[in-house]
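Spelled out, the chains give:
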Amino acid sequence: MSSRITWFNRELIIYIFRSTGWIGFLYLVGLIFALPLKLLAIILNENNEYVEFENLFSCQQMIQFVLVIVIPVLLAIFLFRFLQMKQASDFIHSLPITRRSIYIHMIGTGIGFIGLPILLTGSILILFHSAIDIERLYTMTDIWSWMGITFILEALIFSVAVLIGMVTGLSAFQGLLTYIFLALPVGLFVLFAANVKFLIAGFSADYYLGEDMNGITPLLAATEMEKITFFSINTFIYSILTFLFLISSLFLYERRKLEHVSQAFVYPMIKPLFKFGLTLCMMLFTGLYFSETTGEPGWIFFGYAVGSLLGYYLGEIFLQKTWRIRVNLKGYVAFMVAIIVLALIIKIDPLQYRVKIPGEKMISQIYIGDSPLFFEDDDASNKAFNYLKEKENIEAIRLLHQEIIDKGKKVSIGEVNDGQTVFLMYELKNGKRLAREYHLQNYDSYIPLLAKIYESNEYKKMVNELLNVSAVDVSKIKITASGQVDKSITITDGQELEAAVKSLSEDLKNQSFAQMTSSFGDYASIEILLNNNKTIYMNWDSSYTQFSKWMESTGQSAKARLMADDISYILVAKTDSEFYHSNSESELAQQIEQQPNRMKLKTALEIETAIDNAQIDWGGEYSAAFYYKESRDVDIKSFSGEHVPGFILDHFNER
């Protein structure tokens, strides 16, 4: 008799079903709506015979996501709501049952309310699979995998919500803190990574933020449940964490003082942790906001100061549950001193992060580019082309890296989002990687070193896929004229394909660094369809001399590219700073027309010269509006540097 009283209490079970049973029922209805009903509709609808899913998580994905992240938190809040209500607390704890048994009752029914709907839904799916031939929609393996992964994710979120419920006396705060706690690992990592780049030149926040972080938190994992594998390290870690959180919750519950209802935090030691954690997050967030919106160091420091003060004030408001508070500035000052000391340590760089360059013998291969976002192609077959391996290029990149570090001591680099970006990724022979990203405000001084790398055959093969295929791999080439011109040709003849590929390859091999990084004289776009159905996209500009000659020799040039005959006239004006704020090309064209000293190009020679030298962006010293004969639309281009035609300089008296 005594054993039954200790481990099972009928009154408590009835209380739990009355207070939280509706959540389990709601969850069951949601799952049936998301899966069996949806699948039944697909099965019965003949028009949906070609519908396929990657797995069961792909069916009504948004509904499943909401259920996974909301139901466990609701369950934890309502199951342990008695801890935040005095009458309920007195009732539960007056029962002839220990706290450990109460906890086990709550956790057991909570797990049951999560697991039973999953089990019932899975049983319905198994029934469908057994009765109907729906192998194209899902398999038995998909069902077991869906049941297991859904349960593990929800159990982890439930355990976190229970743990948070043990340290707070407010139900709404429990829900809010649960989601903050779940998002905290990724949020802190993003904020730290985005702010550390201001202190350490070369730190590539974009590279680290581009890593797959979905597995770090179940909240992000739930957004892509279809990619989770049941037997994986992530699900194993989730299971271990669930167990640890539930054990920790029991430990805290048995030591919780029952009179601490309606308090933000039950345990005093958590209060400073919450307050200074909120202060830190707000400080990093506002600093990041001003860095992204202004890029000015002064504004960034202003953001740090305002964010930290705001976070500290909000923390006090939460803890004291009133906005009419007296802020204890001693704590804030101590926090700021600690932050400044930490920032100085990072700035001093005791680990020599800034000057670290791997030795040549340690390097397996190197990627160089202008962004960390494109260094790796999703297509595994192309990964081999993304890196430089030749000894000369490796040494040239190390020399460039050393030059950046040396000049960085005298010239500002990488501390604000300004200047040209150079991203380096060393793949080491021991399997590790070393990534650096620099925003070079003195970019021109590195051009000789960059040109040596960019003009190498190995680099050109890395960035130009055409140099890695032969003419026999090409099935068709389509050339479409640039601008508001309806002209295009398609090349399918074997000999013409071979000649076209050969001339394009020669032009790519002969390109200088300046031609590779800037495009002038936009003639047409080129689509090269390969036999494996892949397509290579290129732009035909005035630097493609071999290809231009071949096109003219075959008489196809005028049919495929923008010509002077396609243009009615061109208006040119000195670029005004207000041009950049224009929202549309027509608006900018009107501004050029209104310039009193604008120049109008009408002769074929002038227009052809303008086509050959115009750049497609609006950043040149002279802006130009291209008006077409067969279209009312207008294109805006610009001229800059040595590509400004002499007759334009003469008109504006600038030579």
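Residues numbered from 1 in each chain as written. Predicted model: local features only at pLDDT ≥ 70, side-chain atom pairs only at ≥ 80, totals over all residues. Heavy atoms only, no water.

Enquirer: Which residues make up the sheet that holds strand β10 (residues 622-628), and what values do they have?
Expert: Ordered in space as β9-β8-β10-β11, the four strands form an open sheet in which the pairing is antiparallel. Two strands bound the open sheet, and with one partner strand each, they are β9 (599-601) and β11 (634-639). Neighbour to neighbour, the strand axes of the sheet diverge by 25° on average, direction disregarded. Looking at chain direction, strand β8 (residues 567-574) and β10 are connected through seven bridges and run antiparallel. (Pairing = 2+ DSSP bridges. Helix = DSSP H or I, 4+ residues; strand = E, 2+ residues; numbered from the N terminus. Axes fitted to C-alpha atoms, helices over the stretch in contact; angles between N-to-C directions.)

Enquirer: Residue-level account of unusual backbone geometry, with values.
Expert: Even without being a glycine, Q60 presents a positive backbone phi close to 50°. The residue Q60 is located in the loop between α3 (36-44) and α4 (61-79) in this model. At D349, a position not held by glycine, the phi torsion is positive, near 60°. Among the secondary structure elements, D349 is positioned in the loop between α14 (329-348) and β1 (363-369).

Enquirer: Account for the pairing of strand β3 (residues 433-440), naming residues and giving values.
Expert: The side chains of a regular strand alternate, residue by residue, between the two faces of the sheet. Judged by how many residues are buried, β3 sits mostly within the fold: seven of eight residues are covered. Summarising the sheet, strand β2 (residues 420-428) and β3 pair through eight bridges and their orientation is antiparallel. Bridging across to β3, V422 finds its partner in Y438. Connecting the antiparallel pair β2 and β3 is a turn made up of four residues, with G431 showing a positive phi of about 90°. (Buried < 20%, exposed > 50% of the residue type's maximum accessible area, 1.4 Å probe, protein only.)

Enquirer: Describe the environment of L40, and please don't skip the residues or the numbers.
Expert: Among the structural elements, L40 can be located in helix α3. Separated by 284 residues in the primary sequence, L40 and R324 place their C-alpha atoms 57 Å from one another.

Enquirer: I'd like to hear about the packing of aromatic side chains, residue by residue, with values.
Expert: Any two aromatic rings considered together are summarised by their centre-to-centre distance and by the angle between their planes. Across all of its chains, the model carries 35 aromatic pairs by this definition. Aromatic pair Y312 and Y332: ring centres 5.7 Å apart, planes at 65°, arrangement edge-to-face. With a gap of 20 residues between them, Y312 in helix α13 (residues 297-320) and Y332 in helix α14 connect regions that are remote in the sequence. Accessibility classification places Y312 together with Y332 in one group, the buried group. (Phe/Tyr/Trp six-rings, centres within 6.5 Å; stacked < 30°, edge-to-face > 60°.)

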